[in-house]
Amino acid sequence: PGHLSDGRTIATPAEASAVTREWTPALNARRIRDTMHLVLSAKAGTDLEAFRSTAREFLGATFAGHNYLFAIHQDRDHLHAHAVVTMRDTFGDKLDPKIADFARWREAYAAEARAHGIAMVATRR
């Protein structure tokens, strides 16, 4: 299932379509970068629930005020989550991430993972 910033989950294509309709007014296909895609991952053997909590809390704290959706995949030997975050928050302020922001986000993600019992260090990748 997918997990939304407001706590809802998406389990069916119809629910995904409903969220797309909700977000449509904030998105404009002619603009570049209405959303960004992040991938959060963990080593093989990581506890699923600890990873889910890590992703939810990291995204909620880092992108407070932004709509986001994340879904966890187990199709590889390790867990990973795809997250889509709206670039504009509810006040209309737009993210403009730089390399330093991504480095800070990696550090915050690793710290949140450690708080959930996942041994993780931030990497440049």
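Read on for an overview of the structure. (Residues numbered from 1 in each chain as written. Predicted model: local features only at pLDDT ≥ 70, side-chain atom pairs only at ≥ 80, totals over all residues. Heavy atoms only, no water.)

Scanning the protein chain from terminus to terminus reveals three helices and five strands. The C-alpha atoms of the protein chain give 15 Å as radius of gyration, which agrees with the globular expectation for 125 residues (14 Å, within 12%). Structurally, the protein chain occupies a C-alpha span of about 40 × 35 × 20 Å along its principal axes. A buried classification covers 32% of the 125 residues belonging to the protein chain. (Helix = DSSP H or I, 4+ residues; strand = E, 2+ residues; numbered from the N terminus. Rg over C-alpha atoms; globule rule 2.2 N^0.38 Å. Buried < 20%, exposed > 50% of the residue type's maximum accessible area, 1.4 Å probe, protein only.)

So, on to the packing of aromatic side chains. If you walk through the whole model with that rule in mind, you get four aromatic pairs. Summarising the aromatic geometry, the rings of Phe63 and Trp105 are spaced 4.9 Å apart at their centres and angled 70° between planes, so their arrangement reads as edge-to-face. Placement of Phe63 in the loop between helix 2 (48-62) and strand 4 (68-73) and of Trp105 in helix 3 (residues 99-115) is noted, with a sequence separation of 42 residues between them. With a relative accessible area of 1%, Phe63 lands in the buried category. (Phe/Tyr/Trp six-rings, centres within 6.5 Å; stacked < 30°, edge-to-face > 60°.)

What follows is about the pairing of strand 4. Burial along strand 4 is one-sided: Tyr68, Phe70 and Ile72 are buried, and none of Leu69, Ala71 and His73, which face the opposite way, are. One ladder, built from three bridges, connects strand 1 (residues 2-4) with strand 4; its direction is antiparallel. Considered in strand 4, the bridge of His3 is made with Phe70. Sheet topology note: the strand 4/strand 5 (residues 80-86) ladder contains six bridges and is antiparallel. (Pairing = 2+ DSSP bridges.)

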